[in-house]
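So the chains spell out like this:
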Amino acid sequence: MPTININKDDNPYNDNYSFVDLYAKKIFECNGIPYGILLNNGEIDYQSLNMCDGFIIPGGTKIDKACYELIFYCIQNNKPLLGICMGSEA
């Protein structure tokens, strides 16, 4: 999951997702294939989650609704999940 920054103003360019490059490097070192999950208008596409073997929820300034949906998905589907900083607080 990316760190999510969705603003409530009318400027769509203020909305963004960010990924930490170090996490991708470490996943590659463990022979994994990292890819970022982007939301569709703030909603998770569950088909994209089914393709993943595990998930990382990074830190950020707030916990987004999508983080809780991902946690619930992991529990329901017995998928590994790592939360870092704010992600672990979720």
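Not measured: the values here are computed from a predicted model. (Residues numbered from 1 in each chain as written. Predicted model: local features only at pLDDT ≥ 70, side-chain atom pairs only at ≥ 80, totals over all residues. Heavy atoms only, no water.)

## A short note on the packing of aromatic side chains
Aromatic ring pairs are described here by two measures, namely the spacing of the ring centres and the angle between the planes.
Line of reasoning, step 1. Applying the stated criterion across every chain yields a total of 2 aromatic pairs.
Line of reasoning, step 2. Taking the centre distance of 6.0 Å and the plane angle of 45 degrees together, the rings of tyrosine 46 and tyrosine 73 count as tilted. Of this pair, tyrosine 46 sits in helix α2 (residues 46–50) while tyrosine 73 sits in helix α3 (residues 65–77), and the two are 27 residues apart along the sequence.
Line of reasoning, step 3. Judged by relative accessible area, which is 38%, tyrosine 46 ranks as partly exposed.
Line of reasoning, step 4. With 6.0 Å between their ring centres and 90 degrees between their planes, phenylalanine 55 and tyrosine 73 make a pair best called edge-to-face. Taken together, the positions of phenylalanine 55 in strand β3 (residues 55–57) and tyrosine 73 in helix α3 put the pair 18 residues apart, joining distant regions of the chain.
Line of reasoning, step 5. For tyrosine 73, a relative accessible area of 6% gives the class buried.
Line of reasoning, step 6. A connected cluster of aromatic rings, assembled from ring pairs, spans Tyr46, Phe55 and Tyr73. (Phe/Tyr/Trp six-rings, centres within 6.5 Å; stacked < 30°, edge-to-face > 60°. Helix = DSSP H or I, 4+ residues; strand = E, 2+ residues; numbered from the N terminus. Buried < 20%, exposed > 50% of the residue type's maximum accessible area, 1.4 Å probe, protein only.)

## A short note on the environment of glycine 36
Line of reasoning, step 1. Along the chain, the position of glycine 36 falls in the loop between α1 (21–29) and α2.
Line of reasoning, step 2. With relative accessibility at 34%, the residue glycine 36 sits in the partly exposed group.
Line of reasoning, step 3. Separated by 20 residues in sequence, glycine 36 and isoleucine 56 have C-alpha atoms that sit 9.8 Å apart.

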